[in-house]
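Each chain is listed here by its residues.
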Amino acid sequence: MDIKAYLKEKKTLIDSFLESYFSTPINPRTLQDSMTYSLSAGGKRIRPVLCLAAYEACAKDNKVKAGDIIPYASALEFIHTYSLIHDDLPAMDNDDLRRGKPTNHKVFGEGMAILAGDGLLTEAFYLLSNNTHNVSHFSPYAILKVIREIAMAAGAHGMVGGQAQDLLSEDAEPDAETLSFIHSHKTAALITVSVRSGGILANCSDHELFRLTKYGENIGLAFQVIDDILDVEGETEVIGKSKGSDEKKKKMTYPRLYGIDKSREKAKELINGAINSLETFDEKAEPLRAIARYMLERKS
């Protein structure tokens, strides 16, 4: 399949929803400008796209379309964007560039950047629980389960816990156990729940959900390993953020512990594991397989 065309199509759906969502003004307007500045800065929308792809892979009705769950998938992008805004702050990673543009706090100030992140995180759960969506074919149990799982993956038990350990591990001698904890929580948790959420909303079986989970865990960890490699080998203009920032902060990364070659092997191993986990799925899961393969090719 043409994965680039697929990603572009799904990204357009997400971007269109995000643009329309903020057509109703938020006061003060500076807060809305700060929120939408980072939200519309050109991200790949990988997490919501994975949610849509998993939904399609598990759908039992041929009339089911990805557009059915756009609000739920978009909420994942709200959470991801909030995490990037806060990650870039001086008290965290102190980055000047994100997606090729000045980071939020460089444009709006630290205080407004913090509030923009807070606003996006909270808005995500308003969006997930908003009963004005066309949810007639989703069970209340499925929606509640998705909300609970996303909360777990985004908070102290998931992404935030990984971010905390990432901060605590700066300047520390890298070790495999700590590195695995950081990456599986900081990055893989939200990617895994994106995949699981699509499956849950499609009323997938327990076996399908188990397989999707394995896929998400593998692709989520591979995503971060590749990010670590790009921080060493990529170019600032292409990756959209300052090259070598991990090394400057003495972050615990795969290249720092294993070297580039072994890190690249690890990424390939994880991608193969992700694809193999979908062996019981039919051709409807081909986008998930193609996204996994695409991960190894990405330059940003």
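Quick note: structure is the one above.
Rules of the game
Residues numbered from 1 in each chain as written. Predicted model: local features only at pLDDT ≥ 70, side-chain atom pairs only at ≥ 80, totals over all residues. Heavy atoms only, no water. Helix = DSSP H or I, 4+ residues; strand = E, 2+ residues; numbered from the N terminus. Rg over C-alpha atoms; globule rule 2.2 N^0.38 Å. Buried < 20%, exposed > 50% of the residue type's maximum accessible area, 1.4 Å probe, protein only. Contact = heavy atoms within 4.5 Å. Lys, Arg positive; Asp, Glu negative; His and termini not counted. Charge placed at Lys NZ, Arg CZ, Asp CG, Glu CD. Salt bridge = Lys/Arg side-chain N within 4 Å of Asp/Glu carboxyl O. Expected span 1.5 Å × (residues − 1). Arc of directions from axis to C-beta. Polar contact = N/O pair within 3.5 Å; in protein donor to acceptor, adjacent residues only side chain to side chain. Axes fitted to C-alpha atoms, helices over the stretch in contact; angles between N-to-C directions. Parallel < 35°, antiparallel > 145°, perpendicular 65-115°, else oblique. Left-handed = near helix turned anticlockwise from the far one by under 90°. Nonpolar A, V, L, I, M, F, W, Y, C, P; charged D, E, K, R; others polar. Disulfide = S-S within 2.5 Å. Phe/Tyr/Trp six-rings, centres within 6.5 Å; stacked < 30°, edge-to-face > 60°. Lys NZ or Arg CZ within 6 Å of the ring centre and 35° of its normal.

Considerations on the overall build of the protein
Thought 1: In terms of regular secondary structure, the protein is built from 16 helices and two strands.
Thought 2: On C-alpha atoms alone, the protein measures out to a radius of gyration of 18 Å, which is about the 19 Å that the 2.2 N^0.38 rule sets for 300 residues.
Thought 3: Buried residues in the protein amount to 54% of all 300 residues.
Thought 4: Relative to all contacts within the protein whose residues are 6 or more apart in sequence, the contacts with residues 24 or more apart total 75%.
Thought 5: Taking the average location of the 37 positive side-chain charges in the protein and that of its 43 negative ones, the two points are 3 Å from each other.

Focus on the environment of Ile14
Thought 1: In this fold, Ile14 is placed in helix H1 (residues 3–21).
Thought 2: If near-sequence neighbours (up to four positions away) are discounted, Ile14 is found in contact with Arg45, Pro48, Leu52, Ile70, Ala73 and Ser74.

Quick look at the environment of Asn276
Thought 1: Assignment of secondary structure puts Asn276 in helix H15 (residues 260–276).
Thought 2: Note on Asn276: relative accessible area 48%, which makes it partly exposed.

Notes on the pattern of salt bridges
Thought 1: Going through the model one piece at a time under the given rule, you end up with 24 salt bridges.
Thought 2: Of the charged contacts, one joins Glu9 and Lys10 as a salt bridge, the two residues approaching to 3.3 Å between their closest N and O atoms.
Thought 3: Two residues, Lys186 and Asp166, come together in a salt bridge whose shortest N-O distance is 2.7 Å. A residue pair is termed long-range when its members are at least 10 positions apart, and Lys186 in helix H9 (residues 176–186) and Asp166 in helix H8 (residues 159–168) qualify at 20 residues.
Thought 4: Overall, Asp166 belongs to the buried group, its relative accessible area being 5%.
Thought 5: Each member of the salt-bridge network shares a partner with another, and the members are Lys11, Asp15, Arg45, Glu77 and Arg99.

Observations concerning H1
Thought 1: Relative to the 27 Å expected for 19 residues at 1.5 Å per residue, H1 spans 27 Å between its end C-alpha atoms, a close match to the ideal helical length.
Thought 2: Of all the positions in H1, only Ile3, Tyr6, Leu7, Lys10, Ile14, Phe17, Leu18 and Tyr21 are classed as buried. The arc that holds the buried residues of H1, viewed along the axis, is 100°, so those residues lie on one side. Pointing more than 90 degrees away from the buried face of H1 are the exposed residues Lys4, Lys8 and Glu19.
Thought 3: One side-chain oxygen of the residue at the start of H1 lies 3.3 Å from the amide nitrogen of Lys4, identifying that residue as Asp2.

Considerations on the packing of helix H11 (residues 206–233) against H15
Any two packed helices are characterised by how steeply their axes cross, that is the angle between the axes, and by the distance between the axes.
Thought 1: At a minimum axis distance of 8 Å, the contact between H11 and H15 shows a crossing angle of 155°. It follows that H11 is roughly antiparallel to H15 by the angle criterion. Of the two possible hands of crossing, H11 and H15 adopt the one that is left-handed. Of H15, the residues touching H11 (which contributes Arg211, Tyr215, Asn218, Ile219, Leu221, Ala222, Val225, Ile226, Ile229, Val232 and Glu233) are Ile260, Ser263, Arg264, Ala267, Leu270, Ile271, Gly273, Ala274 and Asn276.
Thought 2: The residue makeup of the contact of H11 with H15, split by class, is 13 nonpolar, four polar and three charged.

A short note on the state of the cysteines
Thought 1: Under the counting rule described, the total for this entry stands at zero disulfides.
Thought 2: No disulfide involves Cys58; its sulfur sits 4.6 Å from that of Cys204, the nearest cysteine.

Let's talk about unusual backbone geometry
Thought 1: That bond from Asn27 to Pro28 is cis: its omega, -5°, falls within 30 degrees of zero.
Thought 2: Along the chain, Pro28 turns up in the loop between H1 and helix H2 (29–39).
Thought 3: Unlike most non-glycine residues, Lys250 shows phi in positive territory, near 55°.
Thought 4: Topologically, Lys250 is positioned in the loop between helix H13 (245–248) and helix H14 (254–258).

Considerations on the side chain of Asp95
Thought 1: Relative to the helices and strands, Asp95 resides in the loop between helix H4 (70–87) and strand S1 (97–98).
Thought 2: Excluding anything up to four places from it in sequence, Asp95 contacts Asp88, Thr103, His105, Ser245 and Lys249.

Observations regarding the packing of aromatic side chains
Thought 1: Enumeration according to the criterion identifies eight aromatic pairs in this entry.
Thought 2: Where Phe22 meets Phe78, the ring centres are 5.8 Å apart and the plane angle is 40°; that geometry is what we call tilted. A residue pair is termed long-range when its members are at least 10 positions apart, and Phe22 in the loop between H1 and H2 and Phe78 in helix H4 qualify at 56 residues.
Thought 3: Put simply, the rings of Phe17, Tyr21, Phe22 and Phe78 touch in pairs and so form one group of aromatic residues.
Thought 4: Stacked on the ring of Phe223, the Lys or Arg Arg47 has its end atom at 5.3 Å from the ring centre.
Thought 5: Sitting over the face of the ring of Phe223, Arg298 holds its NZ or CZ atom 3.9 Å from the ring centroid.

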